[in-house]
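Chain and residue survey
Spelled out from the first residue to the last, the chains are:
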Number of protein chains: 4
Amino acid sequence: MIQNILDDIYSRISEEQSGEVANYIPALAEADPKDFGLAIVTVNGDVYTAGDADTPFTIQSQSKPFTFALALEECGIETTYEHVGTEPSGDAFNSVVLDPVTKVPFNPMVNSGALSMAGLIQEKKGEGAFEAIRSCYSSFAGAELSVNDRVYDSELATAHRNRAIAHLMRSGDVVSDPVDEVVHLYTEQCSIEVTARQMATMSASLANIGTNPVTDETIVSPLVVRHVLSLMFTCGMYDYAGRWAVDVGMPAKSGVSGGLMAVVNRQIGIGLYSPPLDEHGNSVRAIKACVELAEEFGLHAFEFSNAGSSMLSVYI
Amino acid sequence: MIQNILDDIYSRISEEQSGEVANYIPALAEADPKDFGLAIVTVNGDVYTAGDADTPFTIQSQSKPFTFALALEECGIETTYEHVGTEPSGDAFNSVVLDPVTKVPFNPMVNSGALSMAGLIQEKKGEGAFEAIRSCYSSFAGAELSVNDRVYDSELATAHRNRAIAHLMRSGDVVSDPVDEVVHLYTEQCSIEVTARQMATMSASLANIGTNPVTDETIVSPLVVRHVLSLMFTCGMYDYAGRWAVDVGMPAKSGVSGGLMAVVNRQIGIGLYSPPLDEHGNSVRAIKACVELAEEFGLHAFEFSNAGSSMLSVYI
Amino acid sequence: MIQNILDDIYSRISEEQSGEVANYIPALAEADPKDFGLAIVTVNGDVYTAGDADTPFTIQSQSKPFTFALALEECGIETTYEHVGTEPSGDAFNSVVLDPVTKVPFNPMVNSGALSMAGLIQEKKGEGAFEAIRSCYSSFAGAELSVNDRVYDSELATAHRNRAIAHLMRSGDVVSDPVDEVVHLYTEQCSIEVTARQMATMSASLANIGTNPVTDETIVSPLVVRHVLSLMFTCGMYDYAGRWAVDVGMPAKSGVSGGLMAVVNRQIGIGLYSPPLDEHGNSVRAIKACVELAEEFGLHAFEFSNAGSSMLSVYI
Amino acid sequence: MIQNILDDIYSRISEEQSGEVANYIPALAEADPKDFGLAIVTVNGDVYTAGDADTPFTIQSQSKPFTFALALEECGIETTYEHVGTEPSGDAFNSVVLDPVTKVPFNPMVNSGALSMAGLIQEKKGEGAFEAIRSCYSSFAGAELSVNDRVYDSELATAHRNRAIAHLMRSGDVVSDPVDEVVHLYTEQCSIEVTARQMATMSASLANIGTNPVTDETIVSPLVVRHVLSLMFTCGMYDYAGRWAVDVGMPAKSGVSGGLMAVVNRQIGIGLYSPPLDEHGNSVRAIKACVELAEEFGLHAFEFSNAGSSMLSVYI
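Note that the structure is predicted; figures quoted are calculated from it, not measured. (Residues numbered from 1 in each chain as written. Chains lettered and ligands numbered in written order. Predicted model: local features only at pLDDT ≥ 70, side-chain atom pairs only at ≥ 80, totals over all residues.)

Brief notes about the interface of chain A and chain B
Inclusion rule: Whether two residues are in contact is decided by their C-beta atoms, placed from the backbone, lying within 7 Å. Secondary structure elements are taken from DSSP: a helix is a run of H or I of four residues or more, a strand is a run of E of two residues or more, and numbering for both begins at the N terminus. Amino acid classes used here: Ala, Val, Leu, Ile, Met, Phe, Trp, Tyr, Cys and Pro are nonpolar; Asp, Glu, Lys and Arg are charged; the rest, including Gly, are polar.
Contacts between chain A and chain B engage 53 residues on the former and 53 residues on the latter. Elements represented by at least two residues in the side of chain A that touches chain B include exactly α11 (222-235) and α12 (241-247) of chain A. Ranked by residue count, the leading element in the side of chain A that touches chain B is α11 of chain A, at 8 residues. The residue makeup of the side of chain A that touches chain B, split by class, is 25 nonpolar, 22 polar and 6 charged.

The following block contains the structure:
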């Protein structure tokens, strides 16, 4: 049944031709606009795919929730929130501005917050920082992930705005020296390659409260998952986050390569990939597919299909 | 069991003495800082209370979700979103600023958005606007609600900032003439008196997807409820909204009188009242009580206790 | 010689056809785009004119320096600067924003600052406020000025943004009740009719350190003039002020009717009128004429032709 | 007479004890708060000094007008204004924000604008950039100036915010690679040592329309001087610029070491030095001394003592 619906959505939404492939670096501009992959992984470890679910693409901003999760797990909640906030910023993803009151980034889903989280991992892990990140993502994906060097080199050469953000945060002691290394680390994490299938597994590991349902490896604690999902819900979709919360209502995160992941508590992880982006920087086909999946299966967190707390249901 | 936990929370949190009663008008400043009322109403119509659950207070900003609900129900989703956005603003409740791109208020939970919604009801209902609002709230509460005239007069005399916002929106054709009437209407809706028990019933009507579980009256459609809960989740707690989403994770709305309501999908509505406010303008005791209730019963929307979609559970 | 240069500039710049007449109210939109008047009045009382120097137009924002002057003269420097700042805002003329630190308008040349100044006159003069303003302007102009009622009525009906600003300032106690009266007063001052010849006389009264050079009436003190000219220099030309300071370098003020006045210390006042406006809201032909006059006569305040202080020249 | 007045001002204002020495790097914090030097150089080359007029200090932000002058002279007005604006920003000196419309810094007197100007010189001169700047300043000062290496090293180690600004401008193609070199160049120019006497000579070279009155060397054209003085007038004193324009009315520039220079067209240059700073970052004693000098000699550009244009005076 899930497979049938996935196939149906794939065939209808493949027709959609609007959107523009990101072209700020050649390596991204070469992506095939026709590519479209979908995958659903359940908390039981069942996998459903349609289309180009095994086409690799760089994870980009979809990495943000996972480095945030790693920071929470490794450095603790208190330390993490000394380096990043929890408030939606209402701003586009590459905003330079820090929270004027707290002087830290508004939240971990904007570039400044993601750089701050990478900086925190670097402070904790030193030279092992990138391997800690890569290894964490790999555990979430149930596969050994690696960097696309060509994308990494291109991104690094054009990371002027991220350098600006990192130096600004250095100025406010949000990140530590060496600042350049923080930018390298974040750029490298963004250049890790994944597939829609792998992203669905990563999502499913969040849905399964921190344990990869395919490999059974426990990666982060349930409390960490709650923090990550809450911030994905309120801040995961750039300046489209509010409308997404109303219309689709799943914790989600998108990336400039055309990837999109969404999580349904205790049930499934969804991974999608299609390069053409809308004006908010989100994949056109991936958004449409999520809207249809949410309607079909009643996935919205505040839909009548969501029956609240299983703990409370004992008493009422 | 629910009663025991409520009693226990009441007795422990009554001790809390911090916070300041709102004092910008005398009628609010006179509130007794010791007042503390709690109520839970289930979707089965069961009612649990503790403390001063029948002490009346003015609804203030807790009115915002209900006028928004009325606008969606009466004017339709499309028309409503021509007059208000869905994005968190990250700003304090009395921000003058409109969304620089769309020129409408960021969302219906800030003053500008609430004034815009009141303006929409006025456009639709003319002289019957206030009665439409009062009657709608009464249906949600299962009781005939009325205005506290003394608070209304005081608020109106000091509503300079709301007048500024309304004239600014008139300038951008977000509200129509007569502008003064829109400010009167919004001020009057804020001056309607409720109790913690009534607010819990209003919340429970949302939890019960639009139907009052005590009176069985259907007030708004399930789709309207989804929109209202989504925006309460992302924008309901002023500039504390992000942290609330992470720590408590229920759609909620607070008001300057010291009221706080929270909703658990398909299960319960919570109403609380205690006048002393924290620096974000939220009731100190009410926040603490919600934190404890959320922990006790696993109420966080992205907690492991939330089992996702009942529709999807058929297939996995 | 002055007459020859004026005639020459008139005949060349009359050819200029670019710009758009303000059309936000019908009474302004009816202005003849071909109208072009120039006048120079010297501190000796000599008058030179070219073109439509006696065509009436409403003074609009060119009123701002004169009500500011009246406030300084009547209420004193200290009280005045409790109600308005001296800093350039870098913003367009109808910005709602107040200085975030001082909570008063940035300067008296933006709408908020001009409304604050009108409010100060109202507080001081009560029912006689408008007559005090009209009479002051008339003394500067050496002629009995009066209001264009049709423009006044139109402006008042569409003054939504100014009402917003006034209520916002009421909220911060920058203006007093009745707020509506302040908006009426400011709108009425903006609807006073003048000609290019009269504006040149008003400017020449500033150049002549507060005394009308035609009537010999002393209106304001030299210190008041210094404050007015300084703020015209730094803030008089909307968001074109900085470029004007570099390229033309005279204290100046423009208005939406197409008027422009400029002052050369101790020498001349310049008044110009031509309705078509550029993208900054300044009269296209008036700007061009000022640029040519400044070059022809070396009028830039920091040009080598300006020989500094006559008091200092005694010693060096 | 000038000497007497200078001596008198020195002796009275030496008493002033308020203000705090800049302490963000040790090399600045060691400055003696009692130091107080004044110098006036006339366009005839006469020099008057009082107090510690030969105590060296680093030029810091007082360098900004001179690199701007060099850019205008070497690269032309058009190219220069493609890299920096002319509008006051109303912001503090270390604002990160670029003009949202033009995407270049607001003006050359804020850090972003000064970095942009340094970048322009680097683009033009390559490896000879610093020597071009040092040599230009030396010509203005009539003395071979050199860098304080200790200050340079300290400033460079803490230049996080300037690095952020430079990378942000690189992102918008306002500056070119290598970005680090631009920050080095600007930091080095700020670390050049001068005395109050030398700053007065630099100012006097501007007053003397581009020619050093002591050495008779012509450094920049009169048109460049006009641009520099105009922007010093509107933007030279950080967020105190507007009040300075009203109260003192001379083109001026201050620096964090406690230096302040001011220019009176065609007459004198003033150089002052005293380390304790007020809350705007301006030297307390230097400001007081300028206020007194301005009153004593009628130096305000829009004071009655300023007799306007010598070219126009022929005709009236």
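Describing the pairing of strand β2 (residues 47-51) of chain D
All names here are of chain D. Put simply, the test is: Each residue is classed by its C-beta neighbour count within 10 Å, where at least 20 other C-beta atoms makes it buried, 12 or fewer makes it exposed, and intermediate counts make it partly exposed; the C-beta atoms are placed from backbone geometry. Here the rule is simple: two strands pair whenever DSSP picks up at least two bridges between them.
Of all 5 residues that make up β2, 4 are buried, and the element is covered over most of its length. Here strand β1 (residues 37-42) pairs with β2 via 5 bridges, running antiparallel. By the bridge assignment for β2, Ala 39 is matched with Thr 49. Linking β1 to β2, which pair antiparallel, is a turn of 4 residues; within it Gly 45 sits at a positive phi near 90 degrees.

With respect to the sheet that holds strand β6 (residues 259-264) of chain D
Residue and element names in this part refer to chain D. Put simply, the test is: The axes used here are C-alpha line fits, helices contributing only the stretch in contact, and every angle between their N-to-C directions lies in the interval 0 to 180 degrees.
Pairing in this open sheet of 5 strands is antiparallel, and the strands run β2-β1-β7-β6-β5 from one edge to the other. A strand with exactly one partner marks an edge of an open sheet, and here the two such strands are β2 and β5 (252-254). On average, adjacent strands in this sheet sit at an angle of 10 degrees to one another, irrespective of strand direction. Sheet strands in contact with helix α10 (residues 196-207) are β1, β2, β6 and β7 (268-273), and its direction is about 155 degrees off that of β7.

Comments concerning the packing of helix α7 (residues 149-157) of chain D against helix α9 (residues 179-190) of chain D
Residues and elements named next belong to chain D. Quick reminder of the rule: Convention used here: angles under 35 degrees read as roughly parallel, angles over 145 as roughly antiparallel, angles from 65 to 115 as roughly perpendicular, and any remaining angle as oblique. Each helix crossing is assigned a hand: it is left-handed if the near helix lies turned anticlockwise from the far helix by less than a right angle, otherwise right-handed if that turn is clockwise.
Direction vectors running N to C along α7 and α9 enclose 140 degrees, while the axes themselves pass 9 Å from each other. Our classification of the angle between α7 and α9 gives oblique. As for how α7 packs across α9, the hand of that crossing is right-handed. Note on element contacts: α9 touches α7 through His 184, Thr 187, Glu 188 and Cys 190, opposite Tyr 152, Glu 155 and Leu 156. Split by residue class, the contact of α7 with α9 holds 3 nonpolar, 2 polar and 2 charged.

With respect to the relation of the copies chain A and chain B
Convention followed: We place the copies in one frame by least squares, fitting the C-alpha atoms of every residue whose pLDDT is at least 70 in both.
Rotating chain A by 180 degrees and moving it 0.0 Å along the rotation axis overlays it on chain B with an RMSD of 0.0 Å. Expressed as an axis order, the relation between the two copies is that of a two-fold axis. Of the residues that chain A buries at the interface, 100% are likewise interface residues in chain B, meaning the two copies contact each other through the same surface.

As for helix α13 (residues 284-297) of chain D
Residues and elements named next belong to chain D. Test applied: In a helix, the anticipated span is given by 1.5 Å times the number of residues less one.
The first and last C-alpha atoms of α13 sit 20 Å apart over 14 residues, in line with the 20 Å expected at 1.5 Å per residue. Those residues of α13 lying buried are Val 284, Arg 285, Ala 286, Ile 287, Ala 289, Cys 290, Leu 293, Ala 294 and Phe 297. Gly 298 sits one or two residues past α13 and shows a positive phi near 60 degrees.

Some details on the domain arrangement of chain A
All names here are of chain A. Operational definition: An automatic or database domain assignment supplies the start and end points of every domain.
Domain boundaries in chain A define domain 1 (2-60 + 193-297) and domain 2 (61-190). Taking only C-alpha atoms, the centre of domain 1 and the centre of domain 2 are 21 Å apart. Between domain 1 and domain 2, the contact holds 39 residues from the first and 34 residues from the second. At the level of elements, α2 (26-29), β4 (193-194), α10 (196-207), α11, β5 (252-254) and β6 (259-264) are the ones that each hand at least two residues to the side of domain 1 that touches domain 2. Along the lines of polarity and charge, the residues of the side of domain 1 that touches domain 2 split into 20 nonpolar, 15 polar and 4 charged.

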